[in-house]
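Summary of the model geometry
Listed here are the chains, written in short residue letters.
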Amino acid sequence: MCVFVLIASLSTQPLLQKVLRKLAFSPQTFEDLGVEKEVAVRRRLAKEFNKRREDFDDLRSYNDYLEEVEDIAFNLINNIDVQETETRIATYKAANAALTALNLQREEAYALALKEQEEFERKEREARAAQLAQEQQLEREEKEREQREIIDKLETSQKDARAVVAKSRANAAKRLATVSGAGKPQGLAAMGFGFGADYAKLLKSRTTSKKGSNFVPDEPHVPFNDDWYSYDDLYVFKEGYDDVVSEAVRKDREGIMRAGGYMVHEAWQRALVSAVAGLDLMPLEGLDDVNGTTPGNLDSNGDTIMATV
Amino acid sequence: MQSSASTSTPPPAARTKKPLYEGSTQFKNWRYSQARLASIRSTLNEAAVSVIRTTFEAYEPGSSDNVTFLTADEELLLVTFYSTMITKICGRFRFPEEVEATAVSYLKRFYLKNTVMDWHPKNVMLTAVFLATKTTNNPISLEAYTSNIPNTIASDVLDLEFLVAQSLRFEFAVWHAHRALWGIWLDLQSLPDTPSDFASSQSHIYDSAISHVRSSRLTDAELVYTPSQIALASLYLTDRELALKWLKSKEGKFQSNPDTPPDILAAIEAIANIITRRGHVPDVEAVREVDRRLKLCKNPEKVVGSKAYIARKAEEDKKAEDKRTRKAEEVEKAVAEGDPFGESLDKPKPGLVDYDDDDDD
């Protein structure tokens with residue numbers, strides 16, 4: 001509403017020679033109106049004066065052209081010889097219409113190409129992630145299958161448990177070797193798209209070098225040795241137990257319960273230590289203060305008093 | 001046990017090391033003899049009665065004549081009753097067994113340093129459970145906690161929290177019998193002649209044994225014996241043969257002195273006896289009677305709103321006020337003398353190294 005009123009009133013102003021249209025009004029971006037104007041002018045000029053370095057024979061003429069554009073811009077911004085400048089623009093426009101149109105097309109094409117490339121890269125990334133997830137899923141299922149197999153075998157077969165476990169371990173290792181040896185490079189090649197030749201090469205060399213010289217074996221963690229006796233000669237720790245308490249954790253395929261580092265083996269071990277710890281400790285007898293525990297540290301009011309702070 | 005005495009030769013390397021359990025605060029500070037427990041409780045009770053009697057007399061002479069104070073046994077009855085309440089609360093929140101067992105231990109330990117007449121077990125119990133959720137890594141928000149227990153507000157829990165923690169000497173880690181029972185149950189599978197489907201087909205044994213472990217929480221067993229002994233006694237109550245078989249498999253492996261082998265079986269039997277004799281929920285009527293009398297003989301200085309409480313509060317406030325004024329006076333004096341930070345430091349102190357001189361030149 002206000003805009004219409006404003007335009008209506010302004011249009012009737014005798015001082016203005018310019019026709020105002022609602023379409024030409026735009027929200028102000030910059031606080032400084034000068035800047036706002038300069039931006040508008042430059043935006044307009046950029047559309048017309050879009051020649052590039054390649055359109056000129058030598059650097060000198062290109063620089064001249066740039067200087068001319070700058071002159072025109074300066075004139076328009078500072079309202080110097082507006083009339084004349086406008087004619088200059090019109091002349092230029094007429095003379096270079098074909099080239100301008102061509103450059104415009106070129107720019108659009110370039111922007112489009114850029115966009116396409118981005119899209120392409122995004123797809124590539126997604127495909128890679130999906131492939132990786134799939135591989136991990138396969139691996140996990142494989143592992144779980146193995147563990148179930150071991151447990152099944154342990155339940156059914158009469159053989160020594162250690163032999164059964166060792167055998168399935170060996171099988172698993174063999175399988176893993178074939179999977180990682182043949183499966184992986186094939187997987188990458190099978191994707192077929194998305195990998196520029198040299199990128200694939202780079203990736204390949206990286207993975208192979210990792211497997212080769214830079215490979216650091218994952219050594220088992222050795223807890224620090226202290227002077228505590230943890231009853232380890234009082235129990236034999238088995239590979240697995242038939243245990244209802246920890247069933248939920250062991251069946252947790254997604255590993256949600258194990259996410260915090262919970263390991264059922266550690267829980268079992270702790271329970272076993274608990275089961276034998278202090279089994280041979282005889283209860284205290286009589287009133288001898290072995291612990292040095294006094295019967296309640298009380299002050300005159302019957303309150304507990306602790307070490308004074 | 002006796003027969004194995006001659007054959008048991010503990011590994012010499014292990015003997016130099018200290019067993020893990022003996023490094024626990026439970027072993028060091030919360031292990032008592034039966035006689036010691038009784039003496040602690042009666043001493044606490046006597047001290048509390050005399051303090052409260054004096055307080056009564058101080059505010060209203062002659063008012064303590066008609067009061068029958070609680071005995072140590074009655075206090076214990078109340079504490080035991082509130083231990084069963086812990087089970088109810090933990091059941092309502094579906095807390096793991098660990099929380100429940102820890103809270104019960106806290107409650108018992110608290111009343112070895114304090115008396116029921118000073119701190120009513122109702123609130124101490126709520127605080128013990130809340131503290132146990134935190135110390136066993138099963139946290140719950142205070143709001144969720146109090147809003148699910150009728151007639152409870154946040155301050156009921158928080159007001160006592162520090163006191164409880166302090167009475168526990170900030171020793172929050174507890175070794176539990178139910179974990180030991182789990183361990184025994186697992187280890188039974190290592191016995192040579194155990195059938196492979198033992199754990200699943202005989203699970204009723206475990207269920208029964210764990211119920212004995214739960215009853216043992218209502219007794220003093222954990223303050224006298226070790227968790228593994230209580231667990232074994234619980235199994236012993238359920239399946240004597242099985243317990244003895246397991247114990248036999250451990251014979252001769254213990255670290256203790258081979259000349260005087262520990263009579264583990266006697267300890268197990270003693271615990272089993274305690275569990276069957278004392279591991280019951282106390283009679284509600286008896287508890288109600290004790291609780292009714294407790295209302296009359298509570299330490300008035302700790303009952304909010306009573307004359308004694310107000311008087312004591314006033315006294316404390318006065319002390320704090322005095323301290324503040326004294327401090328203010330000192331500061332004023334110091335300012336008046338010129339330097340608000342006390343004496344200047346650059347006075348040479350004979351015979352002392354001048355620590356202020358940290359210049360290199």
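Residues numbered from 1 in each chain as written. Chains lettered and ligands numbered in written order. Predicted model: local features only at pLDDT ≥ 70, side-chain atom pairs only at ≥ 80, totals over all residues. Heavy atoms only, no water.

1. Some words on the overall build of chain A
Counting its secondary structure elements, chain A contains eight helices and one strand. Walking chain A from its N terminus toward its C terminus, one meets helices and strands in the order α-α-α-α-α-α-β-α-α. In chain A, buried positions account for 22% of the 309 residues. Long-range contacts, defined as pairs at least 24 residues apart, comprise 56% of the intrachain contacts of chain A with a sequence gap of at least 6. As displayed, chain A offers around 23300 Å² of accessible surface, 58% of which is attributable to carbon and sulfur atoms. (Helix = DSSP H or I, 4+ residues; strand = E, 2+ residues; numbered from the N terminus. Buried < 20%, exposed > 50% of the residue type's maximum accessible area, 1.4 Å probe, protein only. Contact = heavy atoms within 4.5 Å. Areas by Shrake-Rupley, 256 points an atom, 1.4 Å probe, with all protein chains shown as cover.)

2. Section: the overall build of chain B
Along its length, chain B carries 17 helices and one strand. In chain B, which comprises 361 residues, the share counted as buried stands at 48%. Once local pairs closer than 6 in sequence are excluded, the contacts in chain B between residues at least 24 apart make up 78%. With the model as given, the accessible surface of chain B reaches about 18500 Å², and the carbon-plus-sulfur share is 54%.

3. A short note on helix α2 (residues 33-48) of chain A
Residue and element names in this part refer to chain A. Spanning 16 residues, α2 covers 23 Å between terminal C-alpha atoms, matching the ideal 22 Å at 1.5 Å per step. Along α2, the residues that are buried comprise E36, V41, L45 and E48. The buried residues of α2 occupy an angular sector of 160° when the element is viewed end-on, so they sit on one face. With respect to the buried face of α2, the exposed residues turned more than 90 degrees away are R43 and K47. Among the structural elements, α3 (59-77) and α4 (82-156) are those in contact with the buried residues of α2. N-capping of α2 is provided by D32, with a side-chain oxygen placed 2.9 Å from the backbone N of G34. (Expected span 1.5 Å × (residues − 1). Arc of directions from axis to C-beta. Polar contact = N/O pair within 3.5 Å; in protein donor to acceptor, adjacent residues only side chain to side chain.)

4. Digging into the interface of chain A and chain B
Taken together, the contact between chain A and chain B spans 50 residues of the former and 67 residues of the latter. When chain A packs against chain B, the two sides together hide about 5100 Å² of surface, and 60% of this comes from carbon and sulfur. The largest share of the area that chain A buries against chain B comes from W228, Y229 and L279 of chain A, three residues that together contribute 13% of it. Run the count over chain A and chain B and you get 16 residue pairs in polar contact (both at pLDDT 80 or more). For the side of chain A that touches chain B, the elements supplying multiple residues, two or more each, are β1 (228-229) and α8 (264-276) of chain A. (Buried area = accessible area lost by both parts, 1.4 Å probe.)

5. Considering the confidence of the model for chain A
Residues and elements named next belong to chain A. Taken as a whole, chain A shows an average pLDDT of 76; of its residues, 71% reach a score of 70 or greater. The secondary-structure element of chain A with the lowest mean pLDDT is helix α6 (residues 197-211), recorded at 51, while α8 shows the highest, at 93. Taken as a whole, residues 182-196 scores under 50 in pLDDT and shows 17 contacts with residues more than four places along the chain or in a different chain. (pLDDT = per-residue confidence, 0-100.)

6. Some words on the nonpolar core
Core analysis: the biggest nonpolar cluster contains 62 residues, and L188, L232, L235 and W246 of chain B have the highest contact counts within it. Counting 47 residues, the second largest nonpolar core, distinct from the first, contains L70, V104, Y106 and A128 of chain B. (Core = buried A, V, L, I, M, F, W, Y, C linked by side-chain atoms within 4.5 Å.)

7. Focus: the packing of aromatic side chains
Using the criterion set out here, one finds 22 aromatic pairs over all chains in the structure. Among the aromatic side chains, those forming a connected cluster through ring pairs are F49, F56, Y62, Y65 and Y92 of chain A. (Phe/Tyr/Trp six-rings, centres within 6.5 Å; stacked < 30°, edge-to-face > 60°.)

8. Notes on a negative patch on the surface
A grouping of D152, E155, D242 and E247 of chain A together with D197 of chain B is seen on the molecular surface, where their side chains present a negatively charged patch. Inspection of the secondary structure puts E155 of chain A in helix α4. (Patch = residues over 30% accessible without salt bridge, like charges linked within 9 Å, V, L, I, M, F, W, Y side chains within 5 Å. Salt bridge = Lys/Arg side-chain N within 4 Å of Asp/Glu carboxyl O. Lys, Arg positive; Asp, Glu negative; His and termini not counted. Charge placed at Lys NZ, Arg CZ, Asp CG, Glu CD.)

9. Quick look at the layout of surface pockets
Estimated volume of the second largest pocket: approximately 1200 Å³. If you go around the second largest pocket, you meet 30 residues; those closest to its centre are A267 and R270 of chain A together with E98, R179 and W182 of chain B. Where the lining of the second largest pocket is concerned, the elements lending two or more residues are α8 of chain A together with α5 (97-110), α9 (177-188) and α11 (203-216) of chain B. Sort the elements by how many residues they give to the lining of the second largest pocket and α8 of chain A lands first, with seven residues. Along the lines of polarity and charge, the residues of the lining of the second largest pocket split into 15 nonpolar, 10 polar and five charged. (1 Å grid on protein atoms, 1.4 Å probe; cavity = no way out; pocket = protein on both sides within 12 Å on 5 of 7 lines; lining within 4 Å. Points joined across faces, edges and corners; volume = space filled by probe spheres on them. Nonpolar A, V, L, I, M, F, W, Y, C, P; charged D, E, K, R; others polar.)

10. Quick look at the environment of A103 of chain B
Residue and element names in this part refer to chain B. Inspection of the secondary structure puts A103 in helix α5. Separated by 30 residues in the primary sequence, A103 and T133 place their C-alpha atoms 8.3 Å from one another. Aside from chain neighbours lying at most four places away, what touches A103 is I86, A128, V129 and A132.

11. A few points about the side chain of D220 of chain B
Residues and elements named next belong to chain B. On the secondary structure map, D220 appears in the loop between α11 and α12 (221-224). The exposure class of D220 is buried, given its relative accessible area of 19%. For D220, the side chain forms a polar contact with the side chain of R41, separated by 2.9 Å. Sequence-distant contacts of D220, that is, excluding residues within four places in its chain, are made with L37, R41 and L76.

12. Here's the deal with the packing of α2 of chain A against α3 of chain A
Residue and element names in this part refer to chain A. The N-to-C vectors of α2 and α3 enclose an angle of 140°; their axes lie 10 Å apart at closest approach. Classified by the interaxial angle, the pair formed by α2 and α3 is oblique. Viewed along their axes, α2 and α3 form a crossing whose handedness is right-handed. Residues K37, E38, V41, R42, R44 and L45 of α2 pack against V69, E70, I72, A73, L76 and I77 of α3. Residue composition of the contact of α2 with α3, by class: seven nonpolar, no polar and five charged. (Axes fitted to C-alpha atoms, helices over the stretch in contact; angles between N-to-C directions. Parallel < 35°, antiparallel > 145°, perpendicular 65-115°, else oblique. Left-handed = near helix turned anticlockwise from the far one by under 90°.)

13. Here's the deal with the pattern of salt bridges
Residues and elements named next belong to chain A. Within this structure, the stated rule accounts for 29 salt bridges over all chains. The salt bridge partner of R42 is E38, with a shortest N-O separation of 3.0 Å. Taken together, the residues span about one helical turn, with R42 and E38 both in helix α2 at a distance of four residues. The class of R42 is partly exposed, set by a relative accessible area of 34%.

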